[in-house]
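Close look at the chain arrangement
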Amino acid sequence: MSSVAVLTQESFNEHRSGLMPEQASPSGAEDEDALPTYKDAFPPLPEKASSPDGVQEVSNAWTSKMRPLKSSVITQVFHVPLEERKYKDINQFGEGDQAKVCVDIMHKTGAHLELSMAKDQGLSIMVSGKLDAVMKARKEIVSRLQTQASATVAIPKEHHRFVIGKNGEKLQELELKTATKIQIPRPDDSSNHIKISGTKEGLEKAKHEILLISAEQDKRAVERLSIDKVYHPFIAGASNKLVNELMQETGARISIPPPSVNKTEIVITGEKEQVALAVSMIKKIFEEKKKNTTTIAVEVKKSQHKYVIGPKGNTLQEILDKTGVSVEIPPNDSSSETVILRGEPDRLGQALTEVYAKANSYTVSSVLAPAWLHRFIIGKKGQNLAKITQQMPKVHIEFTEGDDKITLEGPTKDLQMVQSQIEAIVSDLMNRMDYAEISVDPKFHRHLIGKGGANINRIKDQYKVSVRIPPDNEKSNLIRIEGDPQGVQEAKKELLELASRMENERTKDMIIEQRFHRAIIGQKGEKIKEVRDKFPEVIINFPDPAQKSDIVQLRGPRTEVEKCSKFMQKVVAEMVENSYSVSVPIFKQFHKNIIGKGGANIKKVRDSTGARIIFPTAEDKDQELITVVGTEEAVHEAQKELDSLIKSLVSVQYGTKQLSGFYIVLRDLADEYGGVMVSFPRTGTQSERVTLKGAKDCVEAAKKRMLEIIEDLVSFCLSFYLVHYVTITSLQHGLFSPPPDAPIQENGEPNGEVKDLADPAAPKKCDIIILSGRKEKCEAAVEALKALVPVSIEVEVPFELHRYIIGQKGSGIRKMMDEFEVNIQVPAPELQSDVISVTGLASHLDRAKEGLLDRVKELQAEQEDRALRSFKLTITVDPKYHPKIIGRKGAIITQIRTEHDVNIQFPEKNDENQDQITITGYEQNAMAARDAIQAIVDELEEMISEDITLDSRVHARIIGARGKGIRKIMDEFKVDLRFPQSGAADPNLVTVTGRPELVDEAIDHLLNLEEEYMADVVENESKMVYMKPSGTASSAGAAEEHRGPSKGFVVREAPWTTPNEAPDMSSAEDFPSFGAPVAAKASPWGPKRF
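As the structure is a prediction and not an experimental result, all values here were calculated from the model. Within every chain, residues take consecutive numbers counted from 1 along the sequence as written. Residue-level local features of this predicted model are given only where pLDDT is at least 70; pairs of side-chain atoms are given and counted only at 80 or more, and the full residue set underlies all totals for whole chains, interfaces and linings. Calculated side-chain values reflect all of the structure's heavy atoms, with hydrogen atoms and water omitted.

1. Thoughts on the nonpolar core
In a soluble, globular protein the nonpolar side chains are often hidden away together inside. The condition that has to hold: To form a nonpolar core, buried Ala, Val, Leu, Ile, Met, Phe, Trp, Tyr and Cys residues must be joined to one another through side-chain atoms within 4.5 Å. A simple rule labels every residue: compare its accessible area, found with a 1.4 Å probe on the protein chains alone, to the largest value its type can have, and call it buried under 20%, exposed over 50%, or partly exposed in between. Runs of E in the DSSP output that reach at least two residues are strands. Runs of H or I that reach at least four are helices, and both are numbered from the N terminus. We call two residues in contact whenever any of their non-hydrogen atoms come within 4.5 Å of each other.
Ranked by internal contacts, the top residues of the largest apolar core, which has 23 residues, are Ile 958, Val 975, Leu 977, Val 992 and Leu 1006. Counting residues per element, the ones that place at least two in this core are helix H37 (964–973), strand S42 (989–994) and helix H38 (996–1027). It is H38 that provides the largest number of residues to this core, a total of 10 residues. With near-sequence residues (within four places) excluded, Leu 1006 lies in contact with Ile 948, Leu 950, Ile 958, Ile 969, Leu 977 and Val 992. In this structure, Ala 221, Ala 236, Ile 268 and Val 279 belong to the second largest nonpolar core, which totals 22 residues.

The structure is reproduced here in structure tokens:
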């Protein structure tokens, strides 16, 4: 009896759980024979073999796994015969073109080249370096140092792609391996000849490799069987069960078009023998079914067809699996209700029963409910409906917008329960809910809503109702109120009151010069607060100071707005009246005399006239102008008072009159000329003599300067009342300061006031500016003033362009006025006038008119351009192509929009014409964009979809991490791939969509990937058999219970179990060595140096 060894470590639990119950049964002769022997479980190491040199070489299973260390640098020698050398000049060996080529190859590849000449004048080249560098250098040597020959090899056109390989990798490898250049004809070239160029040796190798690839592909075959579509289900079987068995049995690939594709062709690919076997088996099934099957036609309501089909066709597959009968359903776009059952006669009855059972398993019903109640039935975020659907998940509830009914669909029993629940909800809502609709002009909707929805939210919360105000794009004036009946009525009343109040509201724009805005508002808004308190229902809006706008907006009830407008006009009129000002020129040295001691003189003028008198400050440019502000009457009175003061200060008599008024001026000159002393006669004397004492030259210069000053003063005083006047219309006074009311000369005689002239064309008093001073300077000033008189011209501008010239908030017209320094007056909109008035200096008008006309040309060009850009084009495209035209994240449609500068609008979800795409832009661009879209559509229409069967176990690997693999395949072959979702009827069915030739290439690539990945899958599954229990936890427990107590991992005939015999420690069989030292081989070149 043989001995048995028992190992009981817990590390062998997995091995124990993998044993079959028969293997773990109690000990017996049969059980013991079934145990593995020690040699089977632990195979012995091979014997040591003696090398010819007598040195023991170790070559066994242990040492063979230890990979020896190799140098990464290799050396290869290439020989170029004399007849194939490019450079045959022996005298230039090592120099010339040949040497330059070698140096260039070394730089390019990084390899080291050594050349030598053989006795037969052939060239030997030793190349050292990394493997890839040596191979590249070899290719360069062959192409550049060796003469090239060429040859052609003919193989079938369909084999060319296998020579190229994936991404051209096979072709590159072949060229590198044979050191040749291989040219394969393009796909559109009908030639099947492949051209090879290189050395004779390389040509032979390349031809041999290409013919080997072609011969390997010759072993494969493709067969296409045309079988009526109605028999495809019998060949595929339920859930493709039968076709999978055929593929497993024959080893061939069988591709059956899916039911949705109207193709009768079944494609079988694989080895010739496999394909032939599969074709015969398919034909056999077809002939048998064609002979034995018959059909019956039954009428089933169109609405019930989907229940016969089932989700993803599962019900049809279920009927086929149960009865072996195929059920043919008419397409959705057909109005036919005829369902055809095809199968063996004895099975048709059972299948018909199944069809009727599935068709009648679901019922469609409806519940009457007003459309406005639907959202209350659904509840907030669908809460009410969720309670029903959770209890009856098989019942489908559909609400149709604008329809006063709810459609229910589902199992009859469940549907009746859901219907009763919804009817109860509808009845309850009808008893305690009401609605009302009011009509309000859409322009008031935003005011009803309020800022941030404040008004409408308050009404909703206060009356516990729902208020629906239509969005702007609906252009509807109906507002719907829903909720508690009393709340609905109260909310309706308040909304109507608000609407009535808004209809009575009016918005009025007042033109008030911006300089008055601050005065109207007052300090900290005190004055405007008084106005608002007086007119509480009127909203007064002042423009932002930065806008420089004169428009003040009033909004409120019509009557209140009118009252407020009149009040504001009155306030502005008073400000204008009190802001009349006149600038009076008075010498700086006389200002203190006008003010008087302690301000007595100026206070007297202010009190008597009521005008304000403003003296220049240190920052003012003109220090001799005194400004008088107030009403026009008060300003003129104050001006007269100031004139009287000036006259009393300046008392000049020509000849015998005293010049004492000028003594102050003359005294100031004493210090300018070397300290000349100036002595004036005493006051009260009649002497006019002034005595100068000092150096002779200084006295002469001072005397000369004094005479000049006296002459100027005398001239000024003589001409003071001989004034000049310039007539300027009151509308043009804006460019000048108002004149002092000095006496003027009329008809050559000074009379102190202006008389009304008989001639109506004569200038008015308010149109006159007074100038005083020396005659020649007054005349020069008159000419200068005339040059500054503004002129008005009229420019014809089409009325429809006025608003564009004014610009947003007047920005356009302000820019032009600032740029050309003119005033531009645009007529009021109600006048519908085409004339724009431009006022300014004559020198500025031409430039302003030219700028205005240029702007008109620009606007007209923009209008024409806008009209050209508004060209609309509509293209009809099947909605199923819309996502493809849009592209991923809108990439394709964005590119078309940018490239052609157009706007492309796709239909909204609720649009009637879902197939209409609108293109807006220039006509030429729109046409080009249409052609681009049509090209995409044409390409999509040319595409086909084919279903192939790929083992579901390789799907994840083909898809790759985050879809990287599938995206690469789709980009490479320009196709679309659709993998089945979890729970699909056929988990192995993959759909490939694209152009026919690209689809075929993609399918071949996918099948190649499947073949490659399936090898790994099979290998992994075979490993898993040994790594995990074969059954579930429950079955493992049952097996454990059946086996009884575990004995661990058991082997027979172990060496340590031999009775009464000690183990032989020197036995190589019992205790094999892991290897023996190997003596270094002697080299014929001597010992290696390190």
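2. Overview of the pattern of salt bridges
To keep things clear, this is the line we draw: Criterion for a salt bridge: a side-chain nitrogen of Lys or Arg within 4 Å of a carboxyl oxygen of Asp or Glu.
Applying the stated criterion to the full structure yields 25 salt bridges. The partner of Glu 560 in a salt bridge is Lys 563, with the nearest N and O atoms 3.9 Å apart. With Glu 560 and Lys 563 both in helix H23 (residues 558–577) and three residues apart, the pair spans about one turn of that helix. A relative accessible area of 19% places Glu 560 in the buried class. Between Asp 976 and Arg 978 there is a salt bridge, and its shortest N-O distance comes to 3.1 Å. Among the ionic contacts, a cluster of salt bridges with common partners joins Glu 318, Lys 322, Glu 354 and Lys 358.

3. Details of the packing of aromatic side chains
Each pair of aromatic rings is reported with the distance of its centres and the angle of its planes. Here is the rule: Pairing of aromatic side chains here covers Phe, Tyr and the six-membered ring of Trp, requires ring centres within 6.5 Å, and sorts the geometry by plane angle: under 30 degrees stacked, over 60 edge-to-face, intermediate tilted.
With the rule as written, the count across this model stands at three aromatic pairs. A centroid spacing of 5.3 Å and a plane angle of 80° characterise the contact between Tyr 231 and Phe 286, whose relative ring orientation is edge-to-face. Linking Tyr 231 in the loop between strand S10 (220–226) and helix H9 (232–236) with Phe 286 in helix H11 (residues 272–292), this pair joins segments that are 55 residues apart in sequence. Measuring from ring centre to ring centre gives 5.9 Å for Phe 535 and Phe 567, while their planes differ by 55°; the resulting arrangement is tilted. Placement of the pair is Phe 535 in the loop between helix H22 (526–534) and strand S23 (539–541) and Phe 567 in helix H23, with a sequence separation of 32 residues.

4. With respect to the sheet that holds strand S24 (residues 551–557)
Our working rule: Any two strands with at least two DSSP-identified bridges between them are counted as paired. Axis geometry follows a simple rule: fit a line to the C-alpha atoms, using only the stretch in contact for helices, then measure angles between N-to-C directions, giving values from 0 to 180 degrees.
Strand order in the open sheet formed by three strands is S22-S24-S23, and the pairing between neighbours is antiparallel. In the strand order of this sheet, the two ends are held by strand S22 (505–511) and S23, each with one partner. Each strand axis lies, on average, 15° off the axis of its neighbour in the sheet, ignoring direction. Bridge count for S23 against S24 is three bridges, and the pairing is antiparallel. Residue pairing for S24: Asn 541 is matched across the bridge by Gln 553. Each of S22, S23 and S24 is contacted by H23, which is oriented at about 145° to S24, the strand it contacts most.

5. Some points on helix H34 (residues 891–900)
Under the convention used in this document: Arc, as used here, means the arc of the directions from the helix axis to the C-beta atoms.
All of the buried residues in H34 are Ile 893, Ile 896 and His 900. The arc that holds every buried residue of H34, seen down its axis, measures 60°, which confines them to one face. Within H34, the exposed residues directed more than 90 degrees away from the buried face are Gln 895, Thr 898 and Glu 899. Backbone geometry just after H34 places Asp 901 at a positive phi near 55°.

6. Re the sheet that holds strand S27 (residues 625–630)
Judged by pairing direction, the sheet is antiparallel, and its three strands sit side by side in the order S25-S27-S26 without closing on themselves. The open sheet has two edge strands with one neighbour each: strand S25 (580–585) and strand S26 (612–614). Neighbour to neighbour, the strand axes of the sheet diverge by 20° on average, direction disregarded. Sheet topology places S25 next to S27; six bridges connect them, and they run antiparallel. Paired with Val 584 across the strands is Ile 626, a residue of S27.

7. Observations concerning the confidence of the model for the protein chain
Applied cut-off: Within a predicted model, pLDDT stands for the predictor's per-residue confidence, ranging from 0 to 100.
For the protein chain, the mean per-residue pLDDT works out to 76, and 78% of the residues sit at or above 70. pLDDT under 50 marks residues 1028–1046. Its contacts with residues more than four places away, or in other chains, come to 11 contacts. Low pLDDT, under 50, characterises residues 1078–1086; the stretch is placed with six contacts to residues that sit more than four places away or in other chains.

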